[in-house]
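Topology and contacts: notes
For reference, the chains in residue letters:
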Amino acid sequence: MKRSLVLPRAGQLLVSTDLHGNLRDWRALRAVFEASPPDTHWVVLGDLVHGPDEQTARLKPQLYGFEDQSAELIDELFELRERCADRVHFVLGNHDAGHVGFRHTAKFHTDEVEHLESKLTPRQHECAQQLFSNALLAVVAPCGVLMTHGSPGDALTSLALLDGPLPPGPGNEERIVAIGETLWCYGQRGEVSQRLLQRISAETALDLRVVVHGHDRDESGWFIEGGNQAQPVIFGAPDANKKYLCVDLAKHVESPEALEPSLRSLH
Ligand SMILES: [Mn+2]
């Protein structure tokens, strides 16, 4: 199974990162997509599920004061993918991955996978399995952007290494490590991402300059690392700072700073 996708050379690209069960933020993004031109592609960069526990929500309400509605997000992404699968692209996050055989996360509960699974209806369980087991791990925009949940490093020698069943079975250490990096790594040193962008550029015959990823947090809603990685932040930023990207697929992106005019406030 193919785990990466190359987008068209024209049209509009929306990129959003971690939602962690925030239904209001999801619906705001969906409304943007629904109101966008028909040549719009939306890349959802993982960690759809697993919201804050009640204590965290109480202690930091400006960042985490929302109800965990992961089950509803599964329903609504599944429904949208049924209508617009060719334009709505879901990239697996490490939290989602726990539901399809990867290591379970323990950010807000001892076992967040078990916590959510215990609340899902059989239908929601089936939708989650379909969404997450068929998810992408990387999306490439020919305008110069590589999109992943984490920020992969030297182990991701080729996008082809991502292809195949999830989780990777035993015996293919190279693939296990490459997928692990793609799901779990935070920002890389600039030279590591530079090598990655050069390898994937050579593989795809494109000129890729920036890794846009999720997985991390920044209260300002946007950060750049290493001169070649960037994240628009939703989860972990206050409402006023939550951001997504709206990129022109026809215009080459030379640097993370060149994406700043493409930042949009979510609320
Ligand atoms: Mn993550």
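The model shown is predicted, which means the values in this text are computed figures rather than measured ones.

Rules and cut-offs
- Residues numbered from 1 in each chain as written.
- Predicted model: local features only at pLDDT ≥ 70, side-chain atom pairs only at ≥ 80, totals over all residues.
- Axes fitted to C-alpha atoms, helices over the stretch in contact; angles between N-to-C directions.
- Helix = DSSP H or I, 4+ residues; strand = E, 2+ residues; numbered from the N terminus.
- Parallel < 35°, antiparallel > 145°, perpendicular 65-115°, else oblique.
- Left-handed = near helix turned anticlockwise from the far one by under 90°.
- Contact = placed C-beta atoms within 7 Å.
- Nonpolar A, V, L, I, M, F, W, Y, C, P; charged D, E, K, R; others polar.
- Buried ≥ 20, exposed ≤ 12 C-beta atoms within 10 Å, placed from the backbone.
- Pairing = 2+ DSSP bridges.
- Expected span 1.5 Å × (residues − 1).

**Some details on the packing of helix H4 (residues 70-84) against helix H7 (residues 122-133)**
It is at 9 Å that the axes of H4 and H7 come closest, and there the two elements cross at 60°. The pairing of H4 with H7 is recorded here as oblique in orientation. Crossing of H4 over H7 shows left-handed handedness. Counting all contacts with H4, which are made through Ala71, Ile74, Asp75, Leu77, Phe78 and Arg81, the residues of H7 involved are Gln124, Cys127, Ala128 and Leu131. Its residues assigned to classes, the contact of H4 with H7 comprises seven nonpolar, one polar and two charged.

**Here we look at the pairing of strand S6 (residues 145-148)**
The side-chain alternation of S6 yields two buried faces, one formed by Val145 and Met147 and the other by Leu146 and Thr148. Looking at chain direction, strand S5 (residues 138-141) and S6 are connected through three bridges and run antiparallel. For Val140, the partnering residue across the bridge sits in S6 and is Leu146. Hairpin geometry of S5 and S6 is characterised by an intervening segment of three residues between the two adjacent antiparallel strands and by a positive phi of about 125° at Gly144.

**A few points about H7**
Here H7 is twelve residues long and its end C-alpha atoms lie 16 Å apart, about the 16 Å a rise of 1.5 Å per residue gives. Looking at the buried residues of H7, the elements they touch are H4, strand S4 (88-90) and helix H5 (94-97).

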